[in-house]
Amino acid sequence: MAESQPRLTRMVAALTPRMFRLLASTTAGLAMCISFPPIGWWWSAVLSFVLLTWVLVNPKTTVAGGFGYGMLFGLSFYVPLLPWISGLVGPVPWLALAALQALFCAVFGMFAVVVRSLPGWPLWLALVWCLQEWLKSSVPFGGFPWGVVGFGQTQGPFLPLVQWGGVPLLSFGIALVGTSLCALGIETVRWWQHSGPHKRPELPSPAALVVPGLCITAVLLSTALAAPQVRRAGAGNAPTVTVAAIQGNVPRLGLEFNAQRRAVLDNHVRETVQLADDVRAGLVPQPQFVVWPENSSDIDPLTNPDAAQQISVAVQAIGAPILVGTVLARPDWTPENPTASNTVVVWDPVSGPGERHDKQIIQPFGEYLPWRGFFKHLSSYADRAGYFVPGTGNGVVHAAGVPIGVATCWEVIFDRALRESVLNGAQVLTVPTNNATFDQNMSEQQLAFARARAVEHDRYVVVAGTTGISAVIAPDGSEIARTQFFSPAYLDVPIRLKTTETPATRWGPLVQWVLVGAAVAVIGAAILHNGWFMRPLRRRRQQRDEASGSGGPDTDDTPSDEGDEPSALAGQYDKGDS
């Protein structure tokens, strides 16, 4: 008891001067979370960057402190963003994934402290944020782009930026506005603190105001220039087709829906027949093709005659090709290694099954288990992971003569998936998805990805979900029609076939590489600027001089505390933590 009391006292003494920064980091993470659906307050992402930037550019925040504050920010962001994962595999994987994603935010915090010493730091911090988003979207096991800032902006005014440079450019714009506003706020507070009847007024340096002002102006101007083109995206003389999306629903949410595979298939057949009845009654127009969700037939229709017969019933009833989401056994299937493809098959009313899209970007720890021999010893949930194998192809299938881009569920999160489809001639995009194992919040978040893709590539996007939310999204990001979650329904909507390619479609990867390359260059420049490479050499030289008895003055004038390095922020904070 006697030993714990001093330990508690030391802990309180250590936390007290950092309390404001700890609170600001936590608030910033929560603000970033609520910028995403279902709340979707886009402006809270800007506020989040303002708060987090204030913490990281505080001269008292060391490199290690930046890592810690970034980790706290990441946990406050990802833990409330991803609880839908726990419904599938329990709380431990949910919290482990949130902690892994928070590590990338921690790395951002660490490097933000490194680059803050450079003039123009609001721009450099925004670039470093783009670097960490690229990292989290790439590693490990192919990355996890969920939580990329741009996907939380689909209801905000900056969305048109994605048509110029994709989601990475949108994330960069939001981060840049936030860091620049923080810089202007710091200068405003500093001027206010040094003004008064008994104080000599101290005006901020022009660079401290001009750089953030120019950054904000550049983002606003770029958005204003892109917005008219986005608003006109749904107009024009492009050919019109009618497309239908079927949401058959499942018997119940959760993994148990797989035990009801025939019921799920029957639900989608029944809803398609209902659509056909309404077409014959003149209530809705005849669709040129129909989109079923991912896993709408978890029974392989190419080997199961009963499943094939049921699909044929639906196809003949509607009299149009159906894109059927199904699971196909691979040629190398064995009971010990039941490999499969997550596939969308075009089922024609005349010729039957034809072209197919085999899902190319499959979900780790869900559709397959990396390092299965290792992870199966750590958790009983490992046995639930599938044996899916990534497919090949160009991301395009044809139905009723229309080239259709397909990104199956998880694929829509990755920039390369639908970009490949559009570059290979897709005139409309589809996202067949299965959210039966998750909840409505997850479905809302995934729908936001589809809205971003619609604007990014100037295409109509048809989202078909087993349980919803299904929707048809216009190229300006607006929802033409949508369904309710966890209810059977169909959508039958006329859309335009688009053939234009946006700058993001053509140059999106180049934009991202420029952002990432600039961030790496800035980090290197900051390390050189801070003199960290020279410190060990200077110390060794000093020790050598002392050992030789030469004495001499201590010429190592580099600061001993990383939090006190010479910085463009010097003098901008008074003593204390406020």
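Residues numbered from 1 in each chain as written. Predicted model: local features only at pLDDT ≥ 70, side-chain atom pairs only at ≥ 80, totals over all residues. Heavy atoms only, no water.

The name given to the protein chain in an unreviewed UniProt entry is Apolipoprotein N-acyltransferase, with Mycolicibacterium anyangense as the source organism.

A.B. asks: Where do I start with the packing of aromatic side chains in this structure?
C.D. replies: The way to describe two aromatic rings as a pair is by their centre distance and the angle between their planes. Scanning the model with the defined rule gives 18 aromatic pairs in all. Here F36 and F77 contribute two aromatic rings whose centre-to-centre distance is 5.8 Å and whose plane-to-plane angle is 35°, an arrangement assigned as tilted. Residue F36 is located in the loop between α2 (19–33) and α3 (43–56), and its partner F77 is located in helix α4 (residues 63–81); the two are separated by 41 residues in the primary sequence. One aromatic cluster in this structure is built from W84, F144, W146, F151, W410, F414, F438 and F449. (Phe/Tyr/Trp six-rings, centres within 6.5 Å; stacked < 30°, edge-to-face > 60°. Helix = DSSP H or I, 4+ residues; strand = E, 2+ residues; numbered from the N terminus.)

A.B. asks: Sorry if this is basic, but what is going on with the sheet that holds strand β4 (residues 340–348) here?
C.D. replies: Within a sheet, neighbouring strands are paired by backbone hydrogen bonds and run either parallel or antiparallel to one another. Within the open sheet, the six strands sit side by side as β5-β4-β3-β2-β1-β12. Their pairing is mixed. Two strands bound the open sheet, and with one partner strand each, they are β5 (352–358) and β12 (489–496). Geometrically, the sheet is characterised by an average inter-axis angle of 35° between neighbouring strands, direction not taken into account. For strand β2 (residues 289–291) and strand β3 (residues 322–329), the ladder comprises two bridges, and the chain directions are parallel. (Pairing = 2+ DSSP bridges. Axes fitted to C-alpha atoms, helices over the stretch in contact; angles between N-to-C directions.)

A.B. asks: Just checking my understanding: could you explain a nonpolar patch on the surface for this structure?
C.D. replies: A cluster of nonpolar side chains, namely I39, W41, W43 and L47, defines an oily patch on the protein surface of about 410 Å² accessible area. Mapped onto the secondary structure, L47 falls in helix α3. (Patch = residues over 30% accessible without salt bridge, like charges linked within 9 Å, V, L, I, M, F, W, Y side chains within 5 Å. Areas by Shrake-Rupley, 256 points an atom, 1.4 Å probe, with all protein chains shown as cover. Salt bridge = Lys/Arg side-chain N within 4 Å of Asp/Glu carboxyl O.)

A.B. asks: Just checking my understanding: could you explain the sheet that holds strand β10 (residues 471–473) for this structure?
C.D. replies: Read from one edge to the other, the open sheet built from six strands follows the order β6-β7-β8-β9-β10-β11, with strand pairing classed as mixed. Of all strands in the sheet, those with a lone pairing partner are β6 (396–399) and β11 (479–482), marking the two edges. This sheet shows a mean twist of 25° between the axes of neighbouring strands, independent of strand direction. Both strand β7 (residues 402–406) and strand β8 (residues 428–433) contribute to a ladder of three bridges, which runs parallel. Within β8, the residue paired with V406 across the bridge is T430. Docked against the sheet, helix α14 (residues 440–457) engages β8, β9 (461–465), β10 and β11, running at close to 25° with respect to β10. (Contact = heavy atoms within 4.5 Å.)

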